[in-house]
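Per-entry structural report
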Amino acid sequence: MRRRTFLLAGLGATGALVFGWSLVPPRQRLRTGHLPELPSGTVPLNGWLAIAPDSSVTIIAPKAEMGQGIHTALAMLVAEELDCDWSQVRVTHSGVDTIYNNIAAIVDGLPFHEDLNGEPLVRGVRWLTAKTMREVGVMMTGGSSSVRDVWEVARQAGATARASLLAAAAQRTGVPATACRTERGVVICGDRTLPYGELLQDAAAQRVSSATLKPARAWTIIGRDRGRLDADAKSTGAPIFGLDVRVDGMRYAAVSMAPTIGGTVAGFDRTAAMQQPGVRAVVSLDGSSFGDAPGVAIIADSWWQAKQALRALNVQWNTGPHAALDSAQIMRTLHEAAQHDEGLPLRSVGEAKEAIAKGPRVLDVTYEAPYLAHATMEPMNAVVRVNANGAELWTGTQVPGFARSAAAKVLGLDDDQMTLHQTVLGGGFGRRLEVDYVAQAAAIAKALPGTAVQTIWSREDDMRHDFYRPAAVTRWRAALDAEGALTGVVSHSAAQAPFKSLSRRLGLSLTSYGPDKTIAEGTFDQPYEFPAIHASSTEVTLPVPVGSWRSVGYSHQGFFLESFVDELAHEAKQDPLRYRQALLKKHPRARAALDTVAKESDWYTPLGPASDGQPRARGVALVRSFSTVVAMVAEVSVSPTGTIRVHRVITAVDVGVAVNPAGVRQQVESAVVYGLSAALHGAVLIEAGRVVPGNFHEYRPLRMSECPEIVTLIVPSSEVPSGVGEPALPAIAPAVGNALFALTGNRLRSLPLRAATSAAPGAGA
């Protein structure tokens with residue numbers, strides 16, 4: 001009885017603390033004590049922007065630039081409210097601070113269907129999660145969340161800075177601030193024009209904590225096409241990527257890592273390696289909790305010397321407990337798990353299971369997808385220099401705080417003893433959410449104190465020591481009446497948990513336990529109004545390391561669901577686009593996207609043959625991911641030898657407010673190309689515990705000669721901006737697969753897509 005009373009009292013106290021804390025307003029996101037190094041004379045007006053005496057503006061960006069254009073979009077948000085001269089805008093990376101924590105990625109990652117966002121309980125959970133992430137979250141570029149995350153705060157940063165400048169000008173001129181106005185980097189007070197650069201010190205002394213944002217009708221930058229701020233610099237090779245870092249006296253490291261999953265080092269010839277030209281040190285790598293593999297590294301005067309000297313090591317390996325693992329075994333395990341539907345329920349509306357049990361007809365099909373590598377153009381790399389009182393780290397990362405902490409932990413330092421120099425990234429796609437390569441680089445540099453050491457992975461290292469997009473299997477069942485009308489849908493997905501795995505490696509405790517919606521996202525959270533649906537998932541434990549890959553679960557579940565919906569349309573003897581529209585009566589944004597691609601693609605007009613005389617067909621797909629709706633139509637042909645050719649891809653996207661329409665179009669094109677590479681060629685195979693592909697001749701990206709014409713249409717919207725970098729990817733595989741069915745009559749239920757050797761007679765409508 002006393003124990004029960006104690007527990008209840010404890011729970012009551014905890015509840016009171018949580019309730020009390022929940023009443024405290026969220027903390028500000030404008031001011032920081034961790035400003036980056038700025039040009040001489042530049043004055044920061046908050047944690048997001050600084051202005052120089054010549055009125056040039058430096059935007060302080062907490063998001064990683066990896067080709068997605070976020071630095072330009074973020075600058076546009078600030079500049080819109082600041083009323084600065086766009087030609088004088090530049091961008092620099094921020095320091096690490098909680099004001100830059102990514103709130104949107106975690107909130108939007110909660111396992112709720114969009115139709116529930118208006119429910120009081122869901123609103124409360126989302127609000128409390130956002131507040132928690134502000135305090136204990138993570139600086140992260142991922143989840144297609146960057147613009148959504150900074151949408152309010154970046155504009156508020158520009159607006160409050162502008163208000164400070166107006167107040168300073170009013171103070172100096174004696175003209176009321178309400179009678180002053182700003183325009184292209186100057187404040188106009190009556191007959192006086194004061195450049196921003198002349199008001200800096202006075203403006204910095206103002207105490208403006210909030211300001212009224214411009215209405216949409218007053219925007220002159222947001223919503224207009226803007227060229228990338230880094231375009232000119234990239235054309236001349238000016239930006240510094242991780243591989244471009246050069247530090248005085250720097251040495252280079254190459255690594256040899258266990259070739260089998262779970263393998264370890266049995267022995268190596270240190271003496272022979274040390275006798276090779278340029279070699280400075282041989283370092284044994286035990287691996288760590290960050291996921292970096294055991295192995296051996298060589299530090300030399302050049303990377304090529306280090307790489308060549310690895311041969312002399314003659315490393316012997318313990319193959320470890322997974323030496324018999326292969327892809328066939330993995331897929332059998334996933335198929336077995338997918339056949340059951342007693343896993344974690346993610347959505348249940350109506351009596352779907354009962355409909356399956358009683359239905360006169362049941363469509364029962366299973367879809368599968370393989371592991372995929374990130375294959376960034378810039379392999380993993382980092383530079384670390386250990387000093388007497390701390391260390392420096394130069395790298396490109398999507399999680400700067402965790403990267404700094406990982407290096408500090410390996411070196412036995414506190415986080416504030418690590419100085420991080422963030423570079424632009426030669427591709428991320430989720431791979432640089434990991435910090436294994438940073439931890440490894442720190443462990444290697446520890447062998448040469450006072451010397452900067454750049455650790456560089458080869459392409460084969462990068463491919464065979466990735467954290468892969470999980471292989472996945474989903475079983476779909478649908479109950480149909482005698483006329484083919486749908487009465488219920490049941491899905492059950494089986495895969496490893498990528499985001500939970502990533503969270504555990506990073507030490508992000510809040511998401512290290514409990515359900516991982518990325519296993520089945522794309523099944524339970526789509527806008528279709530099925531009469532009844534039950535969607536569930538099973539987390540499968542396998543030794544292959546997995547992580548976040550561009551669009552995560554949507555990348556394969558989008559293919560599974562949209563192919564299945566096409567099958568339902570076929571069973572109902574209905575046009576696949578009209579069939580989808582009938583399931584979206586209460587979701588106008590999704591319908592509008594479908595209407596847009598239908599019109600642009602001339603969906604209801606038969607296609608003529610391709611230029612080589614082969615019949616063509618269209619396929620349609622609709623996927624909502626990262627709060628963005630994407631409808632896509634692909635025009636496809638198949639050669640007599642079975643080569644799939646995608647001629648044209650038409651995409652309609654509703655991204656809410658399109659901050660930079662040019663950037664949106666570029667990212668759709670990028671997603672189509674990256675997604676089509678995976679759809680037609682992508683597969684990471686495991687043989688005898690080893691990852692098979694090592695370079696691009698074995699893991700093919702899309703060739704330029706294979707790239708289709710890509711047409712992107714932005715559906716007008718006044719909603720809060722949503723994701724852009726990932727959402728167009730999930731739709732391309734099902735759009736192509738559905739076109740192939742229309743063309744050949746063969747339904748493909750596994751990736752990558754492999755067509756029959758000829759089109760069906762009379763196909764191509």
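You'll find the structure just up there.
Treat the numbers as computed from the prediction; the structure is a model and nothing was measured.

Some remarks on the side chain of threonine 160
- Its location among the elements puts threonine 160 in helix 5 (residues 146–173).
- Look at threonine 160 and you get buried, because its relative accessible area is 4%.
- If we skip the residues at most four places from it in the chain, threonine 160 touches Leu30, Asn46, Val208, Ser209, Ser210 and Ala211.

A closer look at the state of the cysteines
- Tallied over the full model, the rule gives one disulfide.
- Shown here is the disulfide that connects cysteine 180 with cysteine 189, its sulfur atoms set 2.4 Å apart. Where cysteine 180 bonds to cysteine 189 through sulfur, the torsion about that S-S bond is close to 115°, and the disulfide is right-handed. The burial state of cysteine 180 is the same as that of cysteine 189; both residues are buried.
- Looking at cysteine 84, it has no disulfide partner, and the nearest cysteine sulfur is the one in cysteine 189, 18 Å off.
- Under the relative-accessibility criterion, cysteine 84 is labelled buried at 7%.

Focus on the pattern of salt bridges
- Evaluated as defined, the whole model comprises 40 salt bridges.
- The closest approach of N and O atoms between arginine 700 and glutamate 706, which form a salt bridge, is 2.8 Å.
- For arginine 700, a relative accessible area of 29% gives the class partly exposed.
- Through salt bridges that share partners, Glu600, Arg616, Glu635, Arg648 and Glu709 make up one connected network.

Thoughts on empty space enclosed by the protein
- If you walk through the whole model with that rule in mind, you get four cavities of 30 Å³ or more.
- Taken together, 13 residues form the lining of the largest cavity, with Ser555, Gly675, Ala678, Ala679 and Leu751 sitting closest to its centre.
- Of all the elements in the fold, those that place two or more residues in the lining of the largest cavity are helix 19 (661–680) and helix 20 (729–744).
- Considering only residue class, the lining of the largest cavity consists of nine nonpolar, three polar and one charged.

What about the sheet that holds strand 21 (residues 533–539)?
- Overall, mixed pairing links the five strands, which are arranged 13-21-20-19-14 in an open sheet. Looking at which strands have only one partner, the edges of the open sheet turn out to be strand 13 (344–349) and strand 14 (361–369). Recorded for the sheet is a direction-independent mean angle of 10° between the axes of neighbouring strands.
- Pairing of strand 20 (residues 486–495) with strand 21 involves seven bridges; the strand directions are parallel. The residue of strand 21 that forms the bridge with histidine 492 is serine 536.
- Sheet strands in contact with helix 16 (residues 554–571) are strand 14, strand 19 (472–480) and strand 20, and its direction is about 150° off that of strand 14.

Remarks on the environment of threonine 523
- By the secondary structure assignment, threonine 523 is in the loop between helix 15 (498–506) and strand 21.
- Taking C-alpha positions, threonine 523 is 36 Å from glycine 287, a pair spaced 236 residues apart along the chain.
- For threonine 523, the residues in contact, after removing those within four places along its chain, are Trp476, Ser491, Ser493, Ile533, Ala535, Gln557 and Leu561.

Remarks on the environment of leucine 200
- When you line up the elements, leucine 200 lands in helix 6 (residues 200–205).
- For leucine 200 and isoleucine 51, which are 149 residues apart along the polypeptide, the C-alpha to C-alpha distance reads 7.2 Å.

Remarks on the nonpolar core
- Counting 108 residues, the largest nonpolar core has Leu334, Tyr371, Phe530, Phe564 and Val736 as the members making the most contacts within it.
- Apart from residues lying up to four places away in sequence, tyrosine 371 is in contact with Ile330, Tyr468, Arg469, Pro470, Ala471, Gln496, Leu542, Val544, Val546, Ala683 and Val684.
- Counting residues in hydrophobic clusters, the runner-up holds 49 residues, among them Ala61, Ala79, Val150 and Ala168.

Observations regarding helix 16
- Compared with an ideal rise of 1.5 Å per residue, which puts 18 residues at 26 Å, helix 16 spans 25 Å between its outermost C-alpha atoms and is within 8% of the ideal.
- For helix 16, the buried fraction is high: 16 of the 18 residues fall into the buried class.
- Lysine 573 lies just past helix 16 and shows a positive phi near 55°.

A few points about the layout of surface pockets
- Here the second largest pocket is characterised by a volume of approximately 1100 Å³.
- Residue lining of the second largest pocket: 40 residues in total, with Pro36, Thr92, His93, Ser94 and Gln422 positioned closest to the centre.
- Elements represented by at least two residues in the lining of the second largest pocket include exactly helix 2 (70–82), strand 4 (89–93), helix 7 (231–235), helix 12 (400–411) and strand 17 (418–422).
- Classifying every residue of the lining of the second largest pocket by side-chain character gives 19 nonpolar, eleven polar and ten charged.

Details of the packing of helix 12 against helix 13 (residues 436–445)
- Running from N to C, helix 12 and helix 13 cross one another at 35°; their axes reach a closest spacing of 8 Å. As helix 12 runs across helix 13, the sense of the crossing is right-handed. The residues of helix 13 that touch helix 12, namely those facing Ala403, Ala407, Val410 and Leu411, are Val438, Ala439, Ala442 and Ala443.
- Among the residues forming the contact of helix 12 with helix 13, the class breakdown is eight nonpolar, no polar and no charged.

Describing the environment of glutamine 88
- Its location among the elements puts glutamine 88 in the loop between helix 2 and strand 4.
- By relative accessible area, which is 27% here, glutamine 88 ends up partly exposed.
- Residues glutamine 88 and arginine 184, spaced 96 residues apart in sequence, show a C-alpha to C-alpha distance of 9.6 Å.
- Glutamine 88 has contacts with Asp54, Ser55, Ser56 and Val57, leaving out every residue within four places of it along the chain.

Overview of helix 13
- With nine of ten residues buried, helix 13 lies mostly within the body of the structure.
- Of all the residues in helix 13, the buried ones are Asp436, Tyr437, Val438, Ala439, Gln440, Ala441, Ala442, Ile444 and Ala445.

Details of the packing of helix 16 against helix 20
- Viewed as axis vectors pointing N to C, helix 16 and helix 20 meet at an angle of 35°, and their least axial separation amounts to 7 Å. By crossing handedness, the relation of helix 16 to helix 20 is classed as right-handed. From helix 16, Tyr554, Ser555, Gly558, Phe559, Glu562, Ser563, Asp566 and His570 reach across to helix 20, where they touch Leu729, Pro730, Ala733, Pro734, Asn738 and Phe741.
- Looking at the contact of helix 16 with helix 20 residue by residue, the classes come out as seven nonpolar, five polar and two charged.

Conventions we followed
- Residues numbered from 1 in each chain as written.
- Predicted model: local features only at pLDDT ≥ 70, side-chain atom pairs only at ≥ 80, totals over all residues.
- Heavy atoms only, no water.
- Helix = DSSP H or I, 4+ residues; strand = E, 2+ residues; numbered from the N terminus.
- Buried < 20%, exposed > 50% of the residue type's maximum accessible area, 1.4 Å probe, protein only.
- Contact = heavy atoms within 4.5 Å.
- Disulfide = S-S within 2.5 Å.
- Salt bridge = Lys/Arg side-chain N within 4 Å of Asp/Glu carboxyl O.
- 1 Å grid on protein atoms, 1.4 Å probe; cavity = no way out; pocket = protein on both sides within 12 Å on 5 of 7 lines; lining within 4 Å.
- Points joined across faces, edges and corners; volume = space filled by probe spheres on them.
- Nonpolar A, V, L, I, M, F, W, Y, C, P; charged D, E, K, R; others polar.
- Pairing = 2+ DSSP bridges.
- Axes fitted to C-alpha atoms, helices over the stretch in contact; angles between N-to-C directions.
- Core = buried A, V, L, I, M, F, W, Y, C linked by side-chain atoms within 4.5 Å.
- Expected span 1.5 Å × (residues − 1).
- Left-handed = near helix turned anticlockwise from the far one by under 90°.

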